[in-house]
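Residue-level structural notes
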Amino acid sequence: MLNNGRVPKWCKTIVAVLLLPVCAGAGEALWRVLQASGNADTLWVAALAGAGCWVVVYLLLPKPMWVYVFGHELTHALWTWMLGGKVKKFKASANGGHVVVSKNNFAISLAPYFFPLYAMLVVIVFQGGQWLWHWQRYVVWFHLLLGAAYAFHVTLTGHILKQSQTDITEQGYFFSAVVVFLGNISVLLVGIPLLAARVGVLTALGWWLNGSLAVIHRLGQAVF
């Protein structure tokens, strides 16, 4: 999986270039999903209101960096466990943090930049409440909190990227940008169809595949 120290950065750069048509197909698929889901007022009004509330907090109040850093490092740890590794040390504070793991690769290194941990926790808690206590009447609050949690992920990830990040420099800037872009798009291409219920997940992924193949086809015609 392109483990750190085993694959040189120039190889990752080549991989990133080859993935550019996939990025274009992903962007086109996301646009089609957004268009198909545009009339899901129950989702968008509450989610955008939650995102707007968080943006106001982000701009006017001190940034809760400890909360973000804890989630950032915990995401490293979770992806390490999911990929069969072990976490040997975990540290998080407002000034920074780190984890010591038994294995590392690009997915573990870059996961915090595309995996919205707190938004996922909101989904898990609501689904648990829905199953145990039938929380359907609270769905508007769920979308509100989900919008705020996702905005939290986007704004604070952007904030820390203003400084040099070891996760990014180890993998290479271009390769990291492509992986983070595809990771975020993947989350949205799965999440929006599930939440809005206007288009199926498989349909969205099919649009992604077809869009990517169309870009490759056009490039092939242009070259040959």
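Secondary structure assignment for the chain yields 10 helices and two strands. Shown N-terminal to C-terminal, the secondary structure of the chain runs as helices and strands in the order α-α-α-α-β-β-α-α-α-α-α-α. A compact globule built from 224 residues would reach a C-alpha radius of gyration of about 17 Å, and the chain, at 19 Å, matches this within 12%. In terms of its C-alpha atoms, the chain occupies a principal-axis envelope of roughly 55 × 45 × 35 Å. Each of the 224 residues in the chain was classed as buried or not, and the buried ones make up 39%. Taking as baseline every contact in the chain between residues at least 6 positions apart, the subset at least 24 positions apart corresponds to 75%. Separation of charge centres in the chain, based on 14 positive and 5 negative side chains, amounts to 7 Å.

Before going further, it helps to examine the packing of helix H5 (residues 106–114) against helix H7 (residues 139–160). Packing of H5 against H7 leaves a shortest axis separation of 9 Å and a crossing angle of 125 degrees. Relative to H7, H5 is oriented oblique. Across the interface between the two elements, Pro112, Tyr113 and Phe114 from H5 touch His153, Thr157 and Ile160 from H7. Of the residues that constitute the contact of H5 with H7, the class distribution is four nonpolar, two polar and no charged.

Our next topic: unusual backbone geometry. In terms of backbone geometry, most residues other than glycine have negative phi values and most peptide bonds are trans. For His134, which is not a glycine, the phi torsion comes out positive at approximately 55 degrees. Accessibility expressed as a relative area gives 59% for His134, which makes it exposed. In the Ramachandran plot, Ala197 falls in the positive-phi region, its phi being about 55 degrees despite a non-glycine side chain. Considering the arrangement of structural elements, one finds Ala197 in the loop between helix H9 (173–196) and helix H10 (201–223). A residue is classified by how much of its surface remains accessible, and Ala197, at 58% relative accessible area, is exposed.

Pairing between strand S1 (residues 87–93) and strand S2 (residues 96–101): six bridges, direction antiparallel. Bridge pairing in S2 links Lys89 to Val100. Connecting the antiparallel pair S1 and S2 is a turn made up of two residues.

What follows covers the packing of aromatic side chains. All told, the structure shown has 13 aromatic pairs when counted by the stated rule. Between Trp54 and Tyr58 the ring centres are 6.4 Å apart and the planes differ by 45 degrees, which places this aromatic pair in the tilted class. Residue Trp54 and its partner Tyr58 are located together in helix H3 (residues 41–60), separated by four residues, close to a single helical turn. Per residue, the accessibility class of Trp54 equals that of Tyr58, and both read buried. Pairing Trp79 with Phe115 gives two aromatic rings, centres 5.8 Å apart and planes at 75 degrees, and the pair type is edge-to-face.

We now examine the side chain of Gln165. Note that Gln165 resides in the loop between H7 and helix H8 (166–171). Within the local environment of Gln165, its side chain forms a polar contact with the backbone oxygen of Ile160, the two atoms lying 2.8 Å apart. Contact partners of Gln165, with chain neighbours within four places excluded, come to Tyr113 and Ile160.

Cut-offs used in this document
Residues numbered from 1 in each chain as written. Predicted model: local features only at pLDDT ≥ 70, side-chain atom pairs only at ≥ 80, totals over all residues. Heavy atoms only, no water. Helix = DSSP H or I, 4+ residues; strand = E, 2+ residues; numbered from the N terminus. Rg over C-alpha atoms; globule rule 2.2 N^0.38 Å. Buried < 20%, exposed > 50% of the residue type's maximum accessible area, 1.4 Å probe, protein only. Contact = heavy atoms within 4.5 Å. Lys, Arg positive; Asp, Glu negative; His and termini not counted. Charge placed at Lys NZ, Arg CZ, Asp CG, Glu CD. Axes fitted to C-alpha atoms, helices over the stretch in contact; angles between N-to-C directions. Parallel < 35°, antiparallel > 145°, perpendicular 65-115°, else oblique. Nonpolar A, V, L, I, M, F, W, Y, C, P; charged D, E, K, R; others polar. Pairing = 2+ DSSP bridges. Phe/Tyr/Trp six-rings, centres within 6.5 Å; stacked < 30°, edge-to-face > 60°. Polar contact = N/O pair within 3.5 Å; in protein donor to acceptor, adjacent residues only side chain to side chain.

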